[in-house]
Number of protein chains: 2
Amino acid sequence: MAIEDVQTRPRDPQAAQEVIARLKERFGDKVQTGEAFRAQHAHTTTYLPAQLPDAVFFAESSEDVKTAVKLCAEHKVPVIPFGTGSSLEGQVNAPEGGICFDLSRMNRVLEVNAEDLDCRVEPGVTREDLNDYLRDTGLFFPIDPGANASLGGMAATRASGTNAVRYGTMKDVVLALTVVTADGEEITTGRRARKSSAGYDLTRLFVGAEGTLGIITSITLKLAGIPEKIAGGVSSFETLEDACNAVIMTIQMGIPVARIELLDALQVKACNAYSGLDFPETPLLLLEFHGSEEAVAMQSAQFAEIASECGGSDFVWTANAEERTKLWKARHSAYWAGRALAPELDGLSTDVCVPISRLADCVRETQEDVKREGILAPVVGHAGDGNFHLLVLFDKDNPEEIARVEAFTTRLAERAIAMGGTATGEHGVGQGKKRVVGQEIGKAVAAMRAIKQALDPDNIFNPGKIF
Amino acid sequence: MAIEDVQTRPRDPQAAQEVIARLKERFGDKVQTGEAFRAQHAHTTTYLPAQLPDAVFFAESSEDVKTAVKLCAEHKVPVIPFGTGSSLEGQVNAPEGGICFDLSRMNRVLEVNAEDLDCRVEPGVTREDLNDYLRDTGLFFPIDPGANASLGGMAATRASGTNAVRYGTMKDVVLALTVVTADGEEITTGRRARKSSAGYDLTRLFVGAEGTLGIITSITLKLAGIPEKIAGGVSSFETLEDACNAVIMTIQMGIPVARIELLDALQVKACNAYSGLDFPETPLLLLEFHGSEEAVAMQSAQFAEIASECGGSDFVWTANAEERTKLWKARHSAYWAGRALAPELDGLSTDVCVPISRLADCVRETQEDVKREGILAPVVGHAGDGNFHLLVLFDKDNPEEIARVEAFTTRLAERAIAMGGTATGEHGVGQGKKRVVGQEIGKAVAAMRAIKQALDPDNIFNPGKIF
């Protein structure tokens, strides 16, 4: 939890005020210091306490970003990039104060190269906006974290989502970035070509750096062709282990599922209530298949056999777009559905990811732990990647509960790491996971710190995150 | 060419001799200083002059590497990692002298996790050795540069090959590395889990760093399931442009070809002579399809239609394993077949890669340039990636010819870069491409240099490469 550690320690209030005055001079009301603005920009979907920036700067172009970063760098004032504020680990908090760079007005689609299946967008474009824009091209952008996040934020946290099992994560679909670095210059990290071996892979260094190395000002993305046919389906299981085993067999057999999502009984109950569904309140798999008419039918049949072998209910599938949309909208609302189980409590989303062969073990051992501790924590996950989340509901004003939850999340991380997995599959480290990733990163942290020091010697970019 | 620039400037001969003496004391005849050994280890498949190391150290374990790197670091003596010596841009040359770390004895497959489709190998395992080892598992490792390269070398140069259009490049299949860094410590850069967002992506920073940031001591790799059916085929075209257009349509239609390789008439002639084939000596596409019986048949039929639309000959396909093997062996020997066209000349392999929509333009303009200049240069390429090579045959003792070839390769790089492409799709920068990648990398070179300086402050790892 690290709640205790999250204290605001303004770095240099006088320097911050000096920068704000000069930004206002230059940018007028693109700069806001009112508490409402500041509070909105520290608010993240997280249990961590909000830490407000000293001001919010609404950048409208790369030039704006460059000018403002130069000013912040000159005064060593923190720069906190902000997209939509949907990150889960306190990535947009301002523990040392500073200037929040709100990039939501940089929301232009700069180019679409349909014939090359790529596009270039500004960082404030959200994934849903991009897909609306692409509607008539026959292409779509597949990466879909729960929230309608900005593409800059998604690149910064190396986000993934339900389609990752088929289409990869942000590290796989970002072809190139432009980034404003600590000297206020804009660099380009790659090309539109599908592959390159021209020097260090800066693209993938900035993807997942959580804004600690620079501000992403544009993103060149791979797109996918809209499949000829999309079919979705659901299957219920008696136990979570049975459901996991069906996932493991599906992946090991190489069935190219586009989505294979796991919900435990409690999460199904939450989604039923929140999204007006009526699934049996037992563990559930939601699937989607993409391909030709024949391919989709074949994959569905193959999965139905696996489900039946693992004790699942008859696999019900549909190519009806409306039903599918309802299903996946419910899936994307799982976080809020979970929170609604106990609106008075706070929610902490865990994010372990293990090699697929260990998924059932990891989920079973974790469920036993949940039971032993009497924790309220629905499970939902991108099971095809070996990645699952528990939304741990707890009272953050109760120190005993905090201690219990902290111990639980530590055990969970250690369990995943011991299985060859990671403490964080897609949410990033931010502030919240600093406590648990140390064991995983080990001595490599020295290399990460050296890179941070080299590219941002005054630690202006998103201080207090990752390290 | 940069031949002029490639001069040997020993860094500190006394320090090198001191290190050699101490290495010999510790490792006995794992350390060799005879000229034959040193010459073998500077010999690369390149037009660049050989630059011999002061000694060759045959490391047999991570511990060996750590001990020897510590010693070199202490005396600031260069460390040049060596796998099989098949790199094309002088990556294993020793322009400042130093110790060549030959990793070919680190050739153990450390683990295969068939149920997770991954394995971990030492850096000296070659791609063919790994596939032999995997033979009974139903899995294979798909990345296949022309040479039977070592997996450490392939990771270091971000290699790809004929299967990349379907299976990706080394950046996509490396899950994690262990690397010995400049302080002689071994770090682990990732986990076996399919995705992670735990800090900076060090895995992809070391992949493609060409040994300039550390020595790779093990590689965790994704594997692929051997497809139910593999079918190959060939189609001849009247012009190179027609062949390129067939490739463009194939990729744009999303046909999941496993391989789609382009040979121009001169390369076909060379392969016919070198590998005992009898293809018509006109531009040729070689294809391979992986999938179920039905999928392979459908893809083949779809491609046949495209080929016919683009004026190709009847698409001839076969599922006969022996015929396929002969075909792809010939393809993998294309470099040597090209060299055999004029054994008295040297060969320089270009490596541009452009967005697929520009492939035909780039090939056509380049062919016109070749004709104008009267250069002998067969074309072969991973056309599905937009990547193609010319093997420019020239006399490196003829300064006029060198100047003409230099000007030609500069124009080629500029042409590709102007089309959104790269000067090097898969061969890396090494020494040979330093001259042409500057324009492409631009201001980002400052970030690369800062990282190099941060992780290797005394510039011991593979000096004179990339920068």
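Residues numbered from 1 in each chain as written. Chains lettered and ligands numbered in written order. Predicted model: local features only at pLDDT ≥ 70, side-chain atom pairs only at ≥ 80, totals over all residues. Heavy atoms only, no water.

The name an unreviewed UniProt entry gives chain A is D-lactate dehydrogenase (cytochrome), with Martelella radicis as the organism. Word for word, the UniProt comment on chain A under Cofactor (unreviewed entry) is "FAD". Its UniProt record gives chain A a comment under Sequence similarities (unreviewed entry), which states: "Belongs to the FAD-binding oxidoreductase/transferase type 4 family." (UniProt positions renumbered as here; feature names shortened; annotations may be inferred.)

## Some words on the domain arrangement of chain A
The assigned domain composition of chain A is domain 1 (13-105), domain 2 (109-225), domain 3 (229-336) and domain 4 (341-441). On a C-alpha basis, the centres of domain 1 of chain A and domain 3 of chain A stand 41 Å from each other. (Domains from an automatic or database assignment.)

## Some words on the packing of aromatic side chains
Under the defined criterion, the tally for this structure stands at 18 aromatic pairs over all chains. Measuring from centroid to centroid gives 4.7 Å for Phe27(B) and Phe57(B), while their planes differ by 50 degrees, and the two rings are tilted. Taken together, the residues Phe27(B) in helix α1 (residues 13-27) and Phe57(B) in strand β2 (residues 55-58) connect sequence positions 30 residues apart. Accessibility assignment for this pair places Phe27(B) and Phe57(B) in one class, buried. Within the aromatic cluster, the residues linked to one another by ring pairs are Phe27(A), Phe57(A) and Phe101(A). Positioned over the ring face of Phe27(A) is Arg26(A), at 4.6 Å from the centre of the ring. (Phe/Tyr/Trp six-rings, centres within 6.5 Å; stacked < 30°, edge-to-face > 60°. Helix = DSSP H or I, 4+ residues; strand = E, 2+ residues; numbered from the N terminus. Buried < 20%, exposed > 50% of the residue type's maximum accessible area, 1.4 Å probe, protein only. Lys NZ or Arg CZ within 6 Å of the ring centre and 35° of its normal.)

## Side note on the packing of helix α14 (residues 359-373) of chain A against helix α15 (residues 399-418) of chain A
Residue and element names in this part refer to chain A. Close contact between α14 and α15 brings their axes to 11 Å; oriented N to C, the two are set at 165 degrees. When the interaxial angle is binned, α14 and α15 end up roughly antiparallel. Handedness of the crossing formed by α14 with α15: right-handed. Only Arg-404, Phe-408, Arg-411, Leu-412 and Arg-415 of α15 make contact with α14, whose side of the interface consists of Cys-362, Glu-365, Thr-366, Asp-369, Val-370 and Glu-373. (Axes fitted to C-alpha atoms, helices over the stretch in contact; angles between N-to-C directions. Parallel < 35°, antiparallel > 145°, perpendicular 65-115°, else oblique. Left-handed = near helix turned anticlockwise from the far one by under 90°. Contact = heavy atoms within 4.5 Å.)

## What about the interface of chain B and chain A?
Chain B puts 70 residues into the contact, and the matching count from chain A is 70 residues. Our count for the chain B to chain A interface comes out at six salt bridges. For Glu426(B), the salt bridge identified is with Lys195(A), shortest N-O distance 3.2 Å. Connecting chain B to chain A are 40 residue pairs in polar contact (both at pLDDT 80 or more). Mapped by element, the contributors of at least two residues to the side of chain B that touches chain A are α7 (170-173), β9 (186-188), α8 (202-206), α16 (434-441) and α17 (444-455) of chain B. The element contributing the most residues to the side of chain B that touches chain A is α17(B), with eight residues. Per-class residue counts for the side of chain B that touches chain A are 28 nonpolar, 22 polar and 20 charged. (Salt bridge = Lys/Arg side-chain N within 4 Å of Asp/Glu carboxyl O. Polar contact = N/O pair within 3.5 Å; in protein donor to acceptor, adjacent residues only side chain to side chain. Nonpolar A, V, L, I, M, F, W, Y, C, P; charged D, E, K, R; others polar.)

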